Every structure is written in structure tokens, then in C-alpha cells.
Amino acid sequence: MPRGSDYDPARRDYAETFAQLIGSRDFEFAIKMLADYATASLKAGRPPLQRSPRLKDPYWSAALAGITNYTAHWLGQPAPSWTRRIKPLNEAWMPAESYRAVKEPMKQLTISETPAELAALNVFIRERSLATA
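Only a predicted model underlies this, so the values are computations on that prediction, with no experimental measurement involved.

A few words now on the nonpolar core. Ranked by internal contacts, the top residues of the largest apolar core, which has 29 residues, are Phe-18, Leu-34, Trp-60, Leu-64, Ile-67 and Val-123. Of all elements in the fold, only helix H1 (14-23), helix H2 (27-44) and helix H3 (58-74) reach the threshold of two or more residues within this core. Contacts of Leu-34, omitting those with residues within four sequence positions, involve Phe-18, Trp-60, Ala-63, Leu-64, Ile-67, Pro-95 and Ile-125.

Further remarks concern H2. End to end, H2 covers 25 Å across 18 residues, agreeing with the expected 26 Å (1.5 Å per residue, within 8%). Taken residue by residue, H2 has Phe-27, Ala-30, Met-33, Leu-34, Ala-35, Asp-36, Tyr-37, Ala-38, Thr-39, Ala-40 and Ser-41 as its buried positions. Buried residues along H2 sit against H1 and H3. Two residues or fewer past H2, Gly-45 is found with a positive phi of approximately 85°.

Packing of H2 against H3 leaves a shortest axis separation of 9 Å and a crossing angle of 20°. Overall, the two elements H2 and H3 adopt an arrangement that is roughly parallel. Of the two possible hands of crossing, H2 and H3 adopt the one that is right-handed. Note on element contacts: H3 touches H2 through Trp-60, Ala-63, Leu-64, Ile-67, Thr-68, Thr-71 and Trp-74, opposite Phe-27, Ala-30, Ile-31, Leu-34, Tyr-37, Ala-38, Ser-41 and Leu-42.

This paragraph deals with unusual backbone geometry. In this structure, Arg-25 is a non-glycine residue whose phi angle is positive, near 60°. Structurally, Arg-25 can be placed in the loop between H1 and H2. Even without a glycine there, the phi angle at Arg-54 is positive, about 55°. Among the structural elements, Arg-54 can be located in the loop between H2 and H3. Classification of Arg-54 by relative accessible area gives exposed; the value is 69%.

Conventions used here
- Residues numbered from 1 in each chain as written.
- Predicted model: local features only at pLDDT ≥ 70, side-chain atom pairs only at ≥ 80, totals over all residues.
- Heavy atoms only, no water.
- Core = buried A, V, L, I, M, F, W, Y, C linked by side-chain atoms within 4.5 Å.
- Buried < 20%, exposed > 50% of the residue type's maximum accessible area, 1.4 Å probe, protein only.
- Helix = DSSP H or I, 4+ residues; strand = E, 2+ residues; numbered from the N terminus.
- Contact = heavy atoms within 4.5 Å.
- Expected span 1.5 Å × (residues − 1).
- Axes fitted to C-alpha atoms, helices over the stretch in contact; angles between N-to-C directions.
- Parallel < 35°, antiparallel > 145°, perpendicular 65-115°, else oblique.
- Left-handed = near helix turned anticlockwise from the far one by under 90°.

Take a look at the structure:
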């Protein structure tokens, strides 16, 4: 878990943070960290994960790759090369369903408001859910 200066998003080791959160199955906090990662990427002017986080979970790897692609596109720069090695998921996935049920109307809204970079990997998160600031 983030400690001390690790609470500073500009200095956080996102690869380690996500590995710990996914390993401990703290999916609710992991989703909050996805938004934190997107915000930190935009604030820093580049995605902090320039190297693959090497998560064992393909769902969360796809989510991080999608957000990395999204923020790089938003910033007008190429995405880090590791994101091209991440394959789209075989089925649609909403990270929120990792810890709670999502009703059909919200699923449809989420699908319609997901950035293309995430949808291309079959990961669905509303764009507004990626903004923490």
C-alpha cells in the first residue's frame, strides 16, 4: 500500500501499487487507483507506466493498458510500447463488477461512455470515472 511520499501520485510506483492491490483482491481500491493513475498521467504530461506493470491478471493488465493508451492519446503522444502487447479480453469486462453488481442500465451507460482506447481492449469504464480532479 502507498506509504508516506507514495501518497504523492507523481511519485507513486503504480506497478507495485496495482500488483499489491490485485494480489490482495482489494478491487474497490484498485478501481480508485485506476482513476488516480489516469489523473496522474494527465498531470505529469505522460503516463507513469512506461514499462509493463507485469500483472498476472489479464483483466487488470488490459485496464491499465487501456488507460495508458487513453492518456497518451489525450496528451498527443504515442503510447508506451508495452501496451501493444496486451491483447483484448475475450469478453466485455467492467472493473466495478469485481466487487459489486452493476445493473443493466448502468452497464449500457458505461459502455456508451467508455473511451475508445479502453473499449478496444474490451474494458468498460466511464470516462468521467477516470477523472479524480
